[in-house]
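Each chain is listed here by its residues.
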Amino acid sequence: MPRLDGPAAIGRLREVAPLARVLVLSTYHTDADIVAAVEAGAAGYLLKDAQRPELLAAVRATAAGQAVLAPPVAARLMGRVRHPETLAQRELELLTLVARGDTNRQAAAAMYVSEATVKAWLQLIFDKLGARDRASAVAEAYRRGLLT
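Residues numbered from 1 in each chain as written. Predicted model: local features only at pLDDT ≥ 70, side-chain atom pairs only at ≥ 80, totals over all residues. Heavy atoms only, no water.

Here the focus is the nonpolar core. The biggest cluster of nonpolar side chains holds 19 residues, and the ones touching the most others in it are Leu94, Leu95, Val118, Leu122, Ile125, Leu129 and Ala137. Elements represented by at least two residues in this core include exactly helix 5 (89–99), helix 6 (104–111), helix 7 (115–129) and helix 8 (134–143). Counting residues per element, this core draws most heavily on helix 7, which supplies 6 residues. Beyond its immediate sequence surroundings of up to four residues, Leu122 is in contact with Leu94, Val98, Asn104 and Arg134. (Core = buried A, V, L, I, M, F, W, Y, C linked by side-chain atoms within 4.5 Å. Buried < 20%, exposed > 50% of the residue type's maximum accessible area, 1.4 Å probe, protein only. Helix = DSSP H or I, 4+ residues; strand = E, 2+ residues; numbered from the N terminus. Contact = heavy atoms within 4.5 Å.)

Below, the structure is given as structure tokens:
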């Protein structure tokens, strides 16, 4: 999407048409993507590999005011609720460095790992916290009391 990402577009649509029901059809299904869409006001979330009957049923259900989640999406959310992710010690250490403003390069040097490792750990942190970027990961960690 050239001007807005999905959650921003959903939020904007909900501002201009509060009664609109938004059904997301996406290839992305990380926790961060799903949570961001739902928090923005999506009524449903399907994956692009949905078959026509599933898609039609979801459109009808969404229009009728029901919440719709693709089975893999529902499973991810249920797993997240049943088993909230905790950050490993090294992930917390990295997030602390990110919170103080370190770049990936600086964090890698401080932790004696490669920048590629830092990037991989950041993606794990984002997934565990349902964050889309460094700033939202830090904010969520503070909200959960993981950082002080």
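Next comes the rest of the description.
On the basis of which strands lie adjacent, the open sheet formed by 3 strands has the order 1-2-3 and parallel pairing. Two strands lie at the open edges of the sheet, namely strand 1 (22–26) and strand 3 (68–69), each paired on one side alone. The pairing of strand 2 (residues 42–47) with strand 3 spans 2 bridges and is classified as parallel. Each bridged residue has a counterpart across the sheet, and for Gly44 the counterpart in strand 3 is Val68. Here helix 3 (residues 52–63) sits on the sheet and contacts strand 1, strand 2 and strand 3; the angle it forms with strand 1, its principal contact strand, is near 155°. (Pairing = 2+ DSSP bridges. Axes fitted to C-alpha atoms, helices over the stretch in contact; angles between N-to-C directions.)

As a further point, take the pairing of strand 2. Along strand 2, 6 of the 6 residues are buried, which leaves the element largely enclosed by surrounding structure. Two strands pair when backbone bridges link them, and strand 1 and strand 2 are joined in this way by 5 bridges, in the parallel orientation. By the bridge assignment for strand 2, Val22 is matched with Ala42. A crossover connection joins strand 1 to the parallel strand 2 through helix 2 (residues 31–40); in handedness this β-α-β unit is right-handed. Between strand 2 and its parallel partner strand 3, the chain crosses via helix 3, and the hand of that crossover is left-handed. (Right-handed = clockwise from strand over helix to strand, strands pointing away.)

Moving on to the packing of helix 5 against helix 6. Closest axis-to-axis distance for the helix 5/helix 6 pair is 10 Å, and the angle between their directions is 135°. The pairing of helix 5 with helix 6 is recorded here as oblique in orientation. For the pair helix 5 and helix 6, the sense of crossing is right-handed. Counting all contacts with helix 5, which are made through Arg90, Glu93, Leu94 and Leu97, the residues of helix 6 involved are Ala107, Ala110 and Met111. Each residue belonging to the contact of helix 5 with helix 6 can be placed in one class, and the counts come to 5 nonpolar, no polar and 2 charged. (Parallel < 35°, antiparallel > 145°, perpendicular 65-115°, else oblique. Left-handed = near helix turned anticlockwise from the far one by under 90°. Nonpolar A, V, L, I, M, F, W, Y, C, P; charged D, E, K, R; others polar.)

Here the focus is the packing of helix 1 (residues 6–16) against helix 2. At a minimum axis separation of 8 Å, helix 1 and helix 2 run at an interaxial angle of 10°. One finds that helix 1 runs roughly parallel with respect to helix 2. Note on element contacts: helix 2 touches helix 1 through Ala36, Ala37 and Ala40, opposite Pro7, Ile10, Gly11 and Arg14. Residue composition of the contact of helix 1 with helix 2, grouped by class: 5 nonpolar, 1 polar and 1 charged.

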